[in-house]
Amino acid sequence: MSDNERIYYSSCFQEHQVSLGHPECPERLQAIVEFIQSENRAKGWQWCEPQMVQSQWFEYAHPSEYVKQIFALLPDEGEPFIYLDGDTCWSSQSGKAVLLAGGSLKEAIDWSMSDKKDCMRNGIPISFCLSRPPGHHAERMVAMGFCVFGFVGCAAIYAHRQYALERVAVLDFDVHHGNGTEDILGDYPTFFFASTYQQAIFPAGTIAQNNVYRKCLPMPAQTDSCAFQSLWENDVFSQLMDYQPQCILVSAGFDAHRNDPLANCLLIEEDFYFLGKRIKEIATMYQAPVIANLEGGYHVDSLAKSVYAFMQGLAH
Ligand SMILES: [Zn+2]
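Each helix and strand in the protein was counted, giving 9 helices and 10 strands. Computed over C-alpha atoms, the radius of gyration of the protein comes to 18 Å, within 12% of the 20 Å expected from 2.2 N^0.38 for 316 residues, which places it in the range of a compact globule. Considering only C-alpha atoms, the protein reaches an extent of 50 × 45 × 45 Å along its principal axes. Burial status across the protein gives 59% buried among its 316 residues. Summed over all atoms, the accessible surface of the protein reaches about 12,000 Å², with 49% contributed by carbon and sulfur. Of the side chains in the protein, 21 bear a positive and 38 a negative charge, and the two mean positions are spaced by 8 Å.

The structure is reproduced here in structure tokens:
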């Protein structure tokens, strides 16, 4: 069996607790895993159990005092969770969950790079990290929007420092602006960062640049498949090809789906297949490993189907 496609998943992610009725609930991951494990849908993908990183790994993106302060706030076992902001919960098992999420990305990068030569013989290494909580709203010093640490931002800087990659691309198709990743990548202006998002919803008002390496592209409510695919093709993928990425990290959020309760876009599963397929094609062109991390997506049934469609696109 070829080993080019990996899913990093730990059942411990379910132990990150949130308030009753909170959209970022354990049922999200449960639905995804049940869906892709049934009817042999994950055929060809190897399941990997991540190890935890040391908390210092987050210092790739966050100041040490922020990391220490957040871990110092962890409730004791049996104590109720706390709120880090109006909607970001932090429970006794959340420390473990974020260290596993960081570990998923770190291991995915290490595997992609160390086995690169072998993998390239059969295809591009593709990894999908199925974790909770999401991370793309966490800024260097601020936990917000369900996010505490910027996993993808950490991973981009880790890939650069550990493997001397100069052209690191980060693509974010969550319906909310990846403000945290943009903030974290502020010191790395030559990394390519693209984020498409519905305008004027959370986190409205954050810095969103648009230049040769930053593609922060607001979309109106009711954006449909045609407009969305054109935007990605014309304003992201064509520039990404010029950039010739050495590594592609993806903040994979599925809340632009038409059924999602947190936004008002009109995407369907096929749009996520399109993204996976195009990302894979460009990755193949430049021999760039792909490492995707789950961000949002809050209609559990549509989320599971959308994740599967994206994975099919990546594996096509
Ligand atoms: Zn989102």
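There's more to say after this.
A few words on the packing of aromatic side chains. Throughout the structure, instances matching the rule amount to 27 aromatic pairs. Consider the rings of Y60 and Y158, whose centres lie 5.4 Å apart with planes at 80°: the pair is edge-to-face. Of this pair, Y60 sits in the loop between β2 (46–48) and α2 (64–72) while Y158 sits in helix α5 (residues 151–163), placing them 98 residues apart in sequence. Geometrically, the ring pair formed by F128 and F310 is edge-to-face, given 5.8 Å between the ring centres and 85° between the ring planes. Here F310 lies in helix α9 (residues 300–315) and F128 lies in strand β5 (residues 126–129), a separation of 182 residues in the sequence.

Let us now look at the coordination of the zinc ion. At 2.0 to 2.8 Å from the zinc ion lie its protein donor atoms, namely D174 (OD), D174 (OD), H176 (ND1) and D255 (OD). For the zinc ion, the 4 donor atoms are set out with angles of 52 to 151° between them, so the coordination reads as irregular. Mapping the donors of the zinc ion onto the primary sequence yields the spacing D-x1-H-x78-D. Note that H176 is positioned in the loop between β6 (168–172) and α6 (179–184) and D255 in the loop between β9 (247–252) and α8 (269–286), a separation of 79 residues in sequence. We classify H176 as buried; its relative accessible area is 7%. A relative accessible area of 0% means that D255 is categorised as buried.

Within an α-helix, residues lying three or four positions from one another point in the same direction, as the helix has 3.6 residues per turn. The terminal C-alpha atoms of helix α1 (residues 26–37) lie 17 Å apart, and with 12 residues this matches the ideal 16 Å at 1.5 Å per residue to within 8%. Within α1, burial applies to R28, L29, A31, I32, V33, F35 and I36. Positive backbone phi, at 50°, marks E39, one or two positions downstream of α1.

Within the secondary structure layout, S302 lies in helix α9. For S302, a relative accessible area of 3% gives the class buried. Among the polar contacts listed, one links the side chain of S302 to the side chain of N259, at a separation of 2.9 Å.

This part takes up the packing of helix α3 (residues 94–114) against α5. Closest axis-to-axis distance for the α3/α5 pair is 10 Å, and the angle between their directions is 35°. Judged by the sense of rotation from one axis to the other, the crossing of α3 with α5 is right-handed. Along the contact surface, α3 presents V98, A101, G102, L105, K106, I109, D110 and M113, while α5 presents F151, V152, A155, Y158, A159 and Y163. Broken down by class, the residue content of the contact of α3 with α5 amounts to 11 nonpolar, 1 polar and 2 charged.

Attention now goes to the pairing of strand β7 (residues 192–198). In terms of burial, β7 is a largely internal element, 7 of the 7 residues being buried. Of the two faces of β7, both are covered, the one formed by F192, A194, T196 and Q198 as well as the one formed by F193, S195 and Y197. The β-α-β motif built from β6, the intervening α6 and the parallel element β7 has right-handed crossover chirality.

Okay, α5 next. Helix length check: α5, at 13 residues, gives a terminal C-alpha distance of 17 Å against a target of 18 Å (1.5 Å per residue), a fit within 8%. Counting buried positions along α5 gives 10 out of 13 residues, so the element sits mostly inside the fold. When α5 is considered as a whole, its buried residues turn out to be F151, V152, G153, C154, A155, A156, I157, Y158, A159 and H160. Turning to α5, the residues buried within the fold contact α3, β6, α6, β9 and β10 (290–294).

Okay, the pattern of salt bridges next. Side-chain pairs of opposite charge can arise where the charged atoms are in close proximity. Taken as a whole and assessed by the stated rule, the structure comprises 11 salt bridges. Here E24 ties to R132 by a salt bridge, and the two come within 2.6 Å at their closest N and O atoms. Here the residue E24 occupies a position in the loop between β1 (5–8) and α1, and R132 occupies one in the loop between β5 and α5, the gap between them amounting to 108 residues. Judged on exposure class, the residue E24 and its partner R132 are both buried.

Two packed helices can be described by the angle between their axes and the distance between those axes. The N-to-C vectors of α1 and α9 enclose an angle of 50°; their axes lie 8 Å apart at closest approach. Comparing the axis directions of α1 and α9 gives the class oblique. Considering only the axes of α1 and α9, their crossing is right-handed. Within the contact between the two elements, α1 uses E27, R28, A31, I32, F35 and I36 and α9 uses V300, L303, A304, K305, V307, Y308 and M311. Residues belonging to the contact of α1 with α9 are distributed by class as follows: 10 nonpolar, no polar and 3 charged.

What counts as what
The residue count restarts for each chain, going from 1 along the sequence in the order it is written. Totals for whole chains, interfaces and linings use every residue, but because this is a predicted model, local features are given only for residues with pLDDT of at least 70 and side-chain atom pairs only at 80 or more, for both listing and counting. To obtain the side-chain values, all non-hydrogen atoms of the structure were used and water was disregarded. Every helix listed is a DSSP run of H or I at least four residues long, and every strand listed is a run of E at least two residues long, numbered separately from the N terminus. The globule rule is 2.2 Å times the number of residues to the power 0.38, and the radius of gyration it is compared with is taken over C-alpha atoms. Relative accessibility decides the category of a residue: with a 1.4 Å probe and only protein chains considered, values under 20% of the type maximum give buried, values over 50% give exposed, and everything between is partly exposed. Here the accessible surface of atoms and residues is derived via Shrake-Rupley with a 1.4 Å probe, and residues count as covered only by protein chains that are part of the display. None of His or the chain ends enter the tally, which takes Lys and Arg as positive and Asp and Glu as negative. Note on charges: their place is set at NZ of Lys, CZ of Arg, CG of Asp or CD of Glu. Aromatic pairing here means that ring centres of Phe, Tyr or Trp (its six-membered ring) are within 6.5 Å. Orientation follows from the plane angle: under 30 degrees is stacked, over 60 is edge-to-face, and everything else is tilted. Any N, O or S atom lying within 2.8 Å of the metal counts as a donor, with the limit raised to 3.2 Å for Na, K and Ca; because water is left out of the atom set, some sites can appear incomplete. Every geometry call rests on angle ranges, with four donors termed tetrahedral when all angles are between 85 and 135 degrees, four termed square planar and six termed octahedral when opposite donors are over 155 degrees apart and all others are between 65 and 115, and everything else termed irregular. Under the convention used throughout, the expected extent of a helix is 1.5 Å for every residue step, that is, one less than its residue count. Distance and chemistry together define a polar contact, namely a pair of N or O atoms within 3.5 Å, with one atom able to donate a hydrogen and the other to accept it when in protein, and with adjacent residues in sequence counting only for side-chain atoms on both sides. An axis is simply a line fitted to the C-alpha atoms; with a helix, the fit covers only the stretch in contact. Between two such axes, the angle follows the N-to-C directions and lies from 0 to 180 degrees. Crossing handedness follows the turn of the near helix against the far one: under a right angle anticlockwise gives a left-handed crossing, and clockwise gives a right-handed one. Two residues form a contact once any of their heavy atoms are found within 4.5 Å. The residue classification treats Ala, Val, Leu, Ile, Met, Phe, Trp, Tyr, Cys and Pro as nonpolar and Asp, Glu, Lys and Arg as charged. All others, Gly included, are polar. A clockwise course of the path from the first strand over the helix to the second, judged with the strands pointing away from the viewer, identifies a crossover as right-handed. A pairing counts as a salt bridge when a side-chain nitrogen of Lys or Arg comes within 4 Å of a carboxyl oxygen of Asp or Glu. Note on angle classes: values under 35 degrees are labelled roughly parallel, values over 145 roughly antiparallel, values of 65 to 115 roughly perpendicular, and the remainder oblique.

Read these as geometric descriptors, not functional statements.
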